[in-house]
Number of protein chains: 4
Amino acid sequence: MDHSADPEILRRLKSVEGHVRGVQRMVEEGAYCIDVVNQITAIQRALKKVSARVLDDHLHSCVTDAMRGPDGAAREKVLAELMQVFEATGKS
Amino acid sequence: MDHSADPEILRRLKSVEGHVRGVQRMVEEGAYCIDVVNQITAIQRALKKVSARVLDDHLHSCVTDAMRGPDGAAREKVLAELMQVFEATGKS
Amino acid sequence: MDHSADPEILRRLKSVEGHVRGVQRMVEEGAYCIDVVNQITAIQRALKKVSARVLDDHLHSCVTDAMRGPDGAAREKVLAELMQVFEATGKS
Amino acid sequence: MDHSADPEILRRLKSVEGHVRGVQRMVEEGAYCIDVVNQITAIQRALKKVSARVLDDHLHSCVTDAMRGPDGAAREKVLAELMQVFEATGKS
């Protein structure tokens, strides 16, 4: 499925890429460490929002289709994937 | 101070930038949402390691200098910054 | 629904309670700060596992029922709740 | 050192213990899963604040003493412990 081609997701990932390059410049110019750490934290937060957007699209497409469909194994698969995402979240 | 110009930190930030572009391609090509979310989680984890490296450099330079110096306000400043970093960590 | 009365969830919450009392004793006995912080981190990790268990039960009961049911608003409600849980996770 | 016997830390840990018992009651009474998950998230957040308080006391006592002292190995030990705490934070 190509619902992940949501233009807002791409736009945010390009913004994250620019932010990462900005932090590279800060490091090259000898910025204060704590300012670098704070910018990295801001990037992590922006990435969390991208993940949330992808997950929201996913719930309203793949998960909804699987859960409303007749295939018990497909339902179990999408639920197991949601659990894996939940368990990995915050471990960074 | 330019200790943040540690080449290993720059190298890792360039690797993160490449990873972010890779996720953009995944999104453009309609990759499965969960795969996108998992790659974003991997990037967040890589960023946490960059932060750890910057912080380690910081502890062994600015923090050590301030803590061993005569200026009580400078000591309080580096400790307050460490607390702020700790409190922000994980909130993403 | 009383599926949250899963005995394993109660058992783990009682274990967490005992762990919290153990940390109180450590503090009263003047334990080393870092040991206290590490025990608190262990409790947070145990709580994350309890949440995961509750969420897994929830996906296989309420969420499955709502998603397979005819009520679009009920489906939207369970999906919005999952998003809210995902967004709050890690912010601690 | 007994600076971890800060009465505010004990008071907060007792409050966390009460909160954990409250969630046990919610589970026994068949509360809605999402409400249980949200209360567990609130407990994790409260624990993070306890850790922050312990760490702040630690920075102003053990860490300050070690960093201002003559023993290079003692300084390295407190810095390594701070790094370990930072790296573990958020992994829950």
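As the structure is a computational prediction, the values presented were derived from the model and not from experiment.

Draft legend 1. Molecular detail of the relation of the copies chain A and chain B. Rotating chain A by 180° and translating it 0.0 Å along the rotation axis places it on chain B, where the RMSD comes to 0.0 Å. Such values leave the two copies arranged in the relation of a two-fold axis. A symmetric contact is evident, with 100% of the interface residues of chain A recurring at the interface of chain B.

Draft legend 2. Geometry of the relation of the copies chain D and chain B. Overlay of chain D on chain B (RMSD 0.0 Å): rotation 180°, translation along the axis 0.0 Å. The overlap is high: 100% of the interface residues of chain D also sit at the interface in chain B, so the same surface is used on both sides.

Draft legend 3. Spotlight on helix H1 (residues 7–28) of chain D. Here H1(D) spans 32 Å end to end across 22 residues, near enough to the 32 Å set by a 1.5 Å rise per residue. All buried positions along H1(D) are accounted for by Glu8(D), Ile9(D), Leu10(D), Leu13(D), Val16(D), Glu17(D), Val20(D), Gly22(D), Val23(D), Gln24(D) and Val27(D). At its buried positions, H1(D) is contacted by helix H1 (7–28) of chain C together with helix H2 (33–68) of chain D. The residue sitting at the N-terminus of H1(D) and contributing the capping side-chain oxygen is Asp6(D); that oxygen lies 2.9 Å from the backbone nitrogen of Glu8(D). Count one or two residues on from H1(D) and you reach Gly30(D), which has phi positive near 70°.

Draft legend 4. Broad picture of the environment of Gly22(D). By the secondary structure assignment, Gly22(D) is in helix H1. Counting along the chain gives 45 residues from Gly22(D) to Met67(D), while the straight-line C-alpha distance between them is 42 Å.

Draft legend 5. The interface of chain A and chain B, seen in detail. Chain A puts 45 residues into the contact, and the matching count from chain B is 45 residues. Across the chain A to chain B interface the summed buried area is about 4,100 Å²; carbon plus sulfur atoms make up 66%. Here chain A and chain B share 2 salt bridges between them. We note a salt bridge from Arg21(A) to Glu17(B), for which the minimum N-O separation is 3.0 Å.

Draft legend 6. Representation of the interface of chain D and chain B in the model. The interface is formed by 21 residues belonging to chain D together with 21 residues belonging to chain B. Between chain D and chain B, a total of about 2,000 Å² is buried, with carbon and sulfur atoms accounting for 70% of that surface. Area buried by chain D at its contact with chain B is led by Arg68(D), Met83(D) and Phe86(D), which between them contribute 31% of it. Counting across the chain D and chain B interface gives 0 salt bridges. Counting the contacts that link chain D with chain B gives 12 residue pairs in polar contact (both at pLDDT 80 or more). Looking at the side of chain D that touches chain B, the elements that each hand over two or more residues are H2 and helix H3 (72–88) of chain D. Here the side of chain D that touches chain B takes 10 residues from H2(D), the largest share from any one element. Grouping the constituent residues of the side of chain D that touches chain B by class yields 9 nonpolar, 6 polar and 6 charged.

Rules behind the numbers
Within each chain, residue numbers correspond to sequence positions counted from 1 in written order. The order in which chains are written sets their letters, starting at A; the order in which ligands are written sets their numbers, starting at 1. It should be noted that, the model being predicted, local features are given only for residues of pLDDT at least 70 and side-chain atom pairs only at 80 or more, the latter also being counted only at that level, while totals for whole chains, interfaces and linings use all residues. With hydrogens and water stripped out, all remaining heavy atoms of the structure feed into the side-chain values. Copies are brought into register by a least-squares superposition over C-alpha atoms of residues with pLDDT of at least 70 in both. Residues are treated as being in contact if the distance between any of their heavy atoms lies within 4.5 Å. Secondary structure elements are taken from DSSP: a helix is a run of H or I of four residues or more, a strand is a run of E of two residues or more, and numbering for both begins at the N terminus. Expected span, for any helix, means 1.5 Å times one less than how many residues it has. Partly exposed residues are those whose accessible area sits between 20% and 50% of the maximum for their type, while under 20% is buried and over 50% is exposed, using a 1.4 Å probe and protein chains only. Between N or O atoms, a polar contact is any pair within 3.5 Å; within protein, one atom must be a potential hydrogen donor and the other a potential acceptor, and residues adjacent in sequence are included only when both atoms are from side chains. Two parts placed together each lose some accessible area under a 1.4 Å probe, and the buried area is that loss summed for both. A carboxyl oxygen of Asp or Glu within 4 Å of a side-chain nitrogen of Lys or Arg is what we treat as a salt bridge. Residues are grouped as follows: Ala, Val, Leu, Ile, Met, Phe, Trp, Tyr, Cys and Pro are nonpolar; Asp, Glu, Lys and Arg are charged; all remaining types, including Gly, are polar.

Function cannot be inferred from these measures alone, as they are strictly geometric.
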